[in-house]
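Examination of the molecular architecture
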Amino acid sequence: MKLSKIVIYLSLFLALPGFAFGQARVRESKQLIKLLEAKKEAFMNQIDNTPYRGEQHSAIKGYFENIDELNGSLSDDWRLNKRFNEVFSELDFVASCPKLWLNAETYQRLVKNCTKNRYFLCSEKVKEYEKLKESFRKQLDESNRKRFEATQECNLREVSQ
Amino acid sequence: MKTSVILFMALLSTSARANPPETITLQDVTKRVSESNFAVYQNAIRVYQAKESIKAARGNLLPHLNLWDIAGAAADIYTGGGTGGAGVVGLISDIVPFLIPANWFRVQEVKLLYQADQLGYQALWANELMSAKALYMHVVLDQSLRENILHNIEEVSNIHKIVQMRELLGGAPQGSAREIEIRLLALQEDKRSMEVLLQEELSQLSFAMGMPAQTTLELTQIDLPNMATLEPLNYDDFEFRAVDSAPEINQYDYFIEASDYVRRETMYSFLGASSMSRGAGGGVFDNIPVTPGLGFGTAPSMRIVSAQKDILKLQKLGAEEVIKRQLKLLVNNYNLDLENYRNLKKRTELAKAALKQLFERLSMGENFDMLTLVEASRNHLSAAISFYSVQYRFLLNEDRLARLIFHGDYGKLPNAKEQIEEGRKP
């Protein structure tokens with residue numbers, strides 16, 4: 001009896017760090033989503049503020065770089081990827097996607113604002129948007145991916161350079 | 001006689017086959033510099049080395065067999081531990097190198113230095129490409145100038161003949177023909193100098209494209225831009241892009257990040273120092289003294305790393321300022337050429353009209369100072385040269401701008417790995 005109690009306590013004690021790390025990754029996943037949302041908002045506040053100068057360029061670059069960093073974090077850490085997918089599956093895609101991603105119209109407006117005298121003047125990351133979104137899609141698990149593709153608001157194929 | 005003609009024709013065709021001129025376009029320059037330029041190819045190999053260094057560093061984290069160390073440790077044990085068991089402890093770096101934190105930091109450093117090397121490769125490739133394209137444009141410009149000089153020589157020779165005749169008949173003052181002959185000789189010197197310059201430029205261009213020395217090049221003309229329809233540029237529009245896309249600046253970010261790992265490596269040196277190489281681009285940190293063990297030298301070593309980081313930050317700032325200044329100068333020159341374009345076009349037209357009028361007066365038998373005609377011909381040549389020069393300078397400035405912001409051809413960086421696999425082996 002005594003031994004079984006010790007085993008149970010020991011198991012709980014050993015499982016505790018794993019649980020704590022799991023919770024930390026859930027928190028991190030939520031923060032990653034919030035960060036992307038904040039970057040998108042900062043970017044949208046500047047999109048029509050032409051001609052672009054340092055402040056606008058930083059906001060634009062910040063959003064695209066954030067997607068790249070998010071993809072990097074998700075591909076480097078499979079545990080974070082797992083928790084992220086759990087958190088992501090709880091989102092209402094119809095409401096969340098417009099807060100996180102650009103639609104075709106906004107993207108084309110951005111590219112137009114970035115182009116002057118034949119020259120593209122924004123960060124090179126802007127041109128890679130399609131690729132960045134594709135990388136993000138690849139980080140999603142099957143059910144999230146299917147939902148993501150089926151939701152019009154998250155539609156990735158809408159944008160073409 | 002018939003045999004010798006056949007022999008001569010055969011020799012001619014053989015020599016023509018041995019060294020036929022190779023026709024190239026400006027687009028070919030981009031392709032050839034990317035594929036065959038010696039410096040670019042050499043740098044691609046360097047990037048390849050840096051990439052392989054990552055694999056080497058990762059592999060070195062795994063146990064490896066060092067027979068001499070094992071023999072030394074065995075001898076220690078057998079002889080009663082003459083080195084106090086240090087030989088056995090020393091085996092740790094062979095058997096469990098992953099237990100030495102410095103080795104893990106080295107792997108991270110090698111990864112970052114590889115990224116920096118790739119950016120260095122991009123900068124070098126872009127510079128080589130820009131130089132080769134500039135050479136191409138200079139050759140085409142100089143060929144146009146040579147044509148103009150030849151035309152002017154023909155004009156002045158005709159005038160010289162007329163003046164000689166008039167001098168004989170007493171219609172022109174004595175010594176006029178001599179004055180014109182002096183100018184004619186000067187023009188012939190210019191023509192010869194131009195031909196030598198062209199040969200030199202063509203030789204440099206073929207070298208930039210990694211072609212053999214015996215190659216004869218034939219360049220296709222470039223379409224000159226219609227500068228009248230272009231708008232002037234604004235420096236502020238381009239500043240962000242020039243700084244953001246500059247590999248010369250961005251590679252410092254990787255060096256700075258790598259310096260953090262070098263600091264950690266120094267900090268944990270008491271758990272053993274790493275003997276792994278930092279790879280092809282590790283020279284930046286070669287002067288950092290990292291000694292195994294915790295000693296009085298650890299703290300100064302860490303301060304040296306911090307100071308190295310400060311140096312790198314300053315170098316990054318310096319590179320940023322250089323790029324900004326280059327851009328400012330470039331935009332000013334671009335706008336200046338746009339402003340001058342109309343003036344120069346008008347000047348060329350006026351000089352041509354003045355010369356034409358003088359020739360008409362001459363053909364109608366009018367008597368005037370022949371030196372005026374020579375002067376008008378020289379003015380026409382000078383205006384035409386200025387007009388061509390401004391158009392080519394504009395093209396050059398456009399290309400330099402494209403290099404600064406990595407636009408057009410400069411946005412198509414060749415893949416270093418493909419370069420190695422598909423390219424020519426030295």
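Because the structure is predicted, anything quoted here is derived from the model rather than measured. (Residues numbered from 1 in each chain as written. Chains lettered and ligands numbered in written order. Predicted model: local features only at pLDDT ≥ 70, side-chain atom pairs only at ≥ 80, totals over all residues.)

Some thoughts on the interface of chain B and chain A
Counting residues at the interface gives 11 residues for chain B, matched by 12 residues for chain A. Broken down by element, the side of chain B that touches chain A gets its largest block of residues, 6 residues, from helix α9 (residues 235-244) of chain B. Looking at the side of chain B that touches chain A residue by residue, the class counts come to 4 nonpolar, 2 polar and 5 charged. (Contact = placed C-beta atoms within 7 Å. Helix = DSSP H or I, 4+ residues; strand = E, 2+ residues; numbered from the N terminus. Nonpolar A, V, L, I, M, F, W, Y, C, P; charged D, E, K, R; others polar.)

Some details on the packing of helix α7 (residues 101-169) of chain B against helix α8 (residues 176-208) of chain B
Residues and elements named next belong to chain B. One way to put it is that α7 packs onto α8 with a least axis distance of 8 Å and a crossing angle of 160°. Taken together, the axis directions place α7 and α8 in an arrangement best described as roughly antiparallel. Crossing handedness for the pair α7 and α8: left-handed. A breakdown of the residues in the contact of α7 with α8 according to their chemical character gives 21 nonpolar, 10 polar and 10 charged. (Axes fitted to C-alpha atoms, helices over the stretch in contact; angles between N-to-C directions. Parallel < 35°, antiparallel > 145°, perpendicular 65-115°, else oblique. Left-handed = near helix turned anticlockwise from the far one by under 90°.)

Considering unusual backbone geometry
All names here are of chain A. Backbone torsion omega between Thr-50 and Pro-51 reads -10°, so that peptide bond is classified as cis. For Pro-51, the position within the fold is in the loop between α1 (2-46) and α2 (54-76). Notably, Arg-118 is not glycine yet its phi reads approximately 75°, a positive angle. Mapping Arg-118 onto the fold places it in the loop between β1 (115-116) and β2 (119-120).

Things to note about the nonpolar core
Residues and elements named next belong to chain B. Core analysis: the largest hydrophobic core is formed by 105 residues, its most contacted members being Leu-113, Ala-132, Tyr-136 and Leu-205. Here this core takes 25 residues from α7, the largest share from any one element. If we ignore the near neighbours within four places in the chain, the residues touching Leu-205 are Ala-132, Leu-135, Tyr-136, Val-139 and Leu-217. (Core = buried A, V, L, I, M, F, W, Y, C linked by C-beta atoms within 7 Å. Buried ≥ 20, exposed ≤ 12 C-beta atoms within 10 Å, placed from the backbone.)

Describing the environment of Val-26 of chain A
Residue and element names in this part refer to chain A. Looking at the element boundaries, Val-26 is found in helix α1. By C-beta crowding, Val-26 is classed as partly exposed, having 15 other C-beta atoms within 10 Å. Sequence separation between Val-26 and Lys-82 is 56 residues; the distance between their C-alpha atoms is 9.3 Å.

Examining the environment of Ser-386 of chain B
If you trace the backbone, Ser-386 of chain B turns up in helix α12 (residues 370-405). When the C-alpha atoms of Ser-386 of chain B and Phe-270 of chain B are compared, they prove to be 69 Å apart, with 116 residues separating the residues in sequence.

Regarding the environment of Val-47 of chain B
Relative to the helices and strands, Val-47 of chain B is located in helix α3 (residues 38-59). On the basis of neighbour counts, which here come to 23 C-beta atoms within 10 Å, the residue Val-47 of chain B falls in the buried class.

Some thoughts on the confidence of the model for chain A
When pLDDT is averaged along chain A, the result is 86; 89% of the residues meet or exceed 70. The weakest mean pLDDT in chain A belongs to α1 of chain A at 80; the strongest belongs to α2 of chain A at 93. (pLDDT = per-residue confidence, 0-100.)

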